[in-house]
Amino acid sequence: MLPSTGQHRPVANARLQAAQQLQSRSAVPRVQTRRRCSALLAQSSLPCSQSAAMRAQPSVAAAAAKRPQRCVGARAAAADMGGSHSLDLGSSWDMPRRLQKLLKPSKYDAELLHLAVPALAAMMLEPLMNVLSAAFMGHLGTQQLGAVSLASLATSLATYVFSFLVFLTTPRVAAAHANGDRRAVTRLAAVGLWLALGTGLLVAVSLSFSAGAIVHALRPPEPEVYTYAVQYITVRSWGILAAMLGFVASGTYRGVKDTRTPLKAAVAAALTHITLTPLFILGFKWGVAGAALAATISQWVSCVMLLSLMFRRQLLRAADLLQPPRWHEVVPYLWKGAVLALRMVVTFGEHSCYICYMTTQQL
């Protein structure tokens, strides 16, 4: 027999009142939590599915309310780091803005242009002088022009291989100059000049006495081309020593952030070359040997000018220059220079083979 409902009505009323009080107490925090979650979800641009799930589960929404805050903090940190790694899922990368930041003027632009433009101009003068010499050779005949082209491969390779002296001298001198150590600057310059002197003499003597074997290996098409090429290498090889000493001097000037002095020396060498080349070739009728002599003298003019200005600016001292370098001072140049020289041989070899093939075919 079922009990009457009247006996349990007080208990039911008490349960109903307790449920209403609990609902009234939890209604305000729940509404506040939902509003806060909605605002954070709008800021973090979360998908609508996650937003709907959080509205359906208030307890989950309260636990996940910290996740958007962490996302906002991560976006702020990324903005402080440059804004390149944005976590905003609602927008894609702004490439024009990124390019604008890359092309934005810097306080170092003027200094870089001040150093780069003279260095680039000095590097462009030597190829122009070679073109001028080839133009005068063309007036003498195809045999003379072909001989100069073949012989220039040997002399240019010997010079280009040892151009690592510039790249090894510049950072060492720059580090000493940044520390304000003038004594270290002069010592590094002296060590580089000793190394250039030794290697330059070795290369010059080797090329001068082995000119015939080198030209024979290049396979000249005619005996006259062989004779002219041997003459050019024999005279031109003594300019390689001046070129190597000039490499060290140029690296020293670059290390102290002076690229105008090497440009002035290059201009002086170019003017000497322009003056002596037509004089020796057309005036004195010295032919191929005259062209080689004009190029050699112009290189020595540049070398002497650079070294004399180094003494005047106290970038080189006689005491350091008269003291031969120790073994531990030369080892870094030899070790790193061998790697750079091998790379340059591979790079230069491709162009040399093509030029040699085209020269022999045209003759």
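Before any of the text, the structure's been laid out above.
Now for a description of the structure that goes with this document. All of these numbers come straight from a predicted model, not from anything done at the bench. (Residues numbered from 1 in each chain as written. Predicted model: local features only at pLDDT ≥ 70, side-chain atom pairs only at ≥ 80, totals over all residues. Heavy atoms only, no water.)

**Notes on the overall build of the chain**
For the chain, the count of helices and strands is 16 helices and 0 strands. Per-residue burial over the chain gives 35% buried out of 363 residues. Across the chain, every contact between residues at least 6 apart in sequence was considered, and the portion connecting residues at least 24 apart equals 82%. Put simply, the chain shows about 22100 Å² of open surface, and 65% of that area lies on carbon and sulfur atoms. (Helix = DSSP H or I, 4+ residues; strand = E, 2+ residues; numbered from the N terminus. Buried < 20%, exposed > 50% of the residue type's maximum accessible area, 1.4 Å probe, protein only. Contact = heavy atoms within 4.5 Å. Areas by Shrake-Rupley, 256 points an atom, 1.4 Å probe, with all protein chains shown as cover.)

**Points about the packing of helix H6 (residues 109-140) against helix H7 (residues 142-161)**
Between H6 and H7, the least distance of the axes is 6 Å, while the angle of their chain directions is 145°. Between H6, through Ala134, Met137, Gly138 and Leu140, and H7, the contact on the second element is made entirely by Gln144, Leu145 and Val148. Looking at the contact of H6 with H7 residue by residue, the classes come out as 5 nonpolar, 2 polar and no charged. (Axes fitted to C-alpha atoms, helices over the stretch in contact; angles between N-to-C directions. Nonpolar A, V, L, I, M, F, W, Y, C, P; charged D, E, K, R; others polar.)

**As for the environment of Leu168**
For Leu168, the location among the structural elements is in helix H8 (residues 164-178). A relative accessible area of 9% means that Leu168 is categorised as buried. Not counting the four nearest positions on each side in its chain, Leu168 is found in contact with Tyr333, Lys336, Gly337 and Leu340.

**Overview of the pattern of salt bridges**
Side-chain pairs of opposite charge can arise whenever the charged atoms involved come near each other. For the coordinates displayed, the defined rule picks out 4 salt bridges. Where Arg187 meets Glu329, a salt bridge forms, and the shortest distance between an N and an O atom there is 3.0 Å. Within this pair, whereas Arg187 is found in helix H9 (residues 182-209), its partner Glu329 is found in helix H16 (residues 327-362), the two being separated by 142 residues in sequence. Taking the relative accessible area as the measure of exposure, Glu329 reaches 18% and is therefore buried. The salt bridge partner of Asp258 is Arg313, with a shortest N-O separation of 2.2 Å. (Salt bridge = Lys/Arg side-chain N within 4 Å of Asp/Glu carboxyl O.)

**Quick notes on the layout of surface pockets**
Where empty space is left can be seen by rolling a probe of water-molecule size over the atoms. In this structure, the largest pocket occupies an estimated 1600 Å³ of space. Lining the largest pocket are 48 residues, and of these Glu126, Pro127, Asn130, Thr159 and Gln299 lie nearest its centre. Mapped onto the lining of the largest pocket, the elements with two or more residues apiece are H6, H7, H8, helix H11 (223-236), helix H12 (239-255), helix H13 (260-283), helix H14 (287-312) and H16. At 10 residues, the largest contribution of residues to the lining of the largest pocket is made by H6. Residue composition of the lining of the largest pocket, by class: 27 nonpolar, 18 polar and 3 charged. (1 Å grid on protein atoms, 1.4 Å probe; cavity = no way out; pocket = protein on both sides within 12 Å on 5 of 7 lines; lining within 4 Å. Points joined across faces, edges and corners; volume = space filled by probe spheres on them.)

**Details of the packing of H11 against H14**
When two helices pack together, their arrangement is given by the angle between the helix axes and the distance between those axes. Running from N to C, H11 and H14 cross one another at 20°; their axes reach a closest spacing of 8 Å. One element, H11, and the other, H14, form an angle in the roughly parallel class. Crossing of H11 over H14 shows right-handed handedness. Side by side, H11 and H14 meet where Tyr228, Gln231, Tyr232, Val235 and Arg236 of the first sit next to Val288, Ala289, Ala291, Ala292, Leu293, Ala295, Thr296 and Gln299 of the second. (Parallel < 35°, antiparallel > 145°, perpendicular 65-115°, else oblique. Left-handed = near helix turned anticlockwise from the far one by under 90°.)

**With respect to the nonpolar core**
Within the largest apolar cluster, 58 residues are counted, with the highest numbers of intra-cluster contacts made by Phe164, Leu165, Val203, Ile233, Met244 and Met310. Residue contributions to this core peak at 10 residues, all from H9. What Phe164 contacts, discounting residues up to four positions off in sequence, is Tyr333, Gly337, Leu340, Ala341 and Met344. (Core = buried A, V, L, I, M, F, W, Y, C linked by side-chain atoms within 4.5 Å.)

Interpretation in functional terms is not warranted from these geometric data alone.
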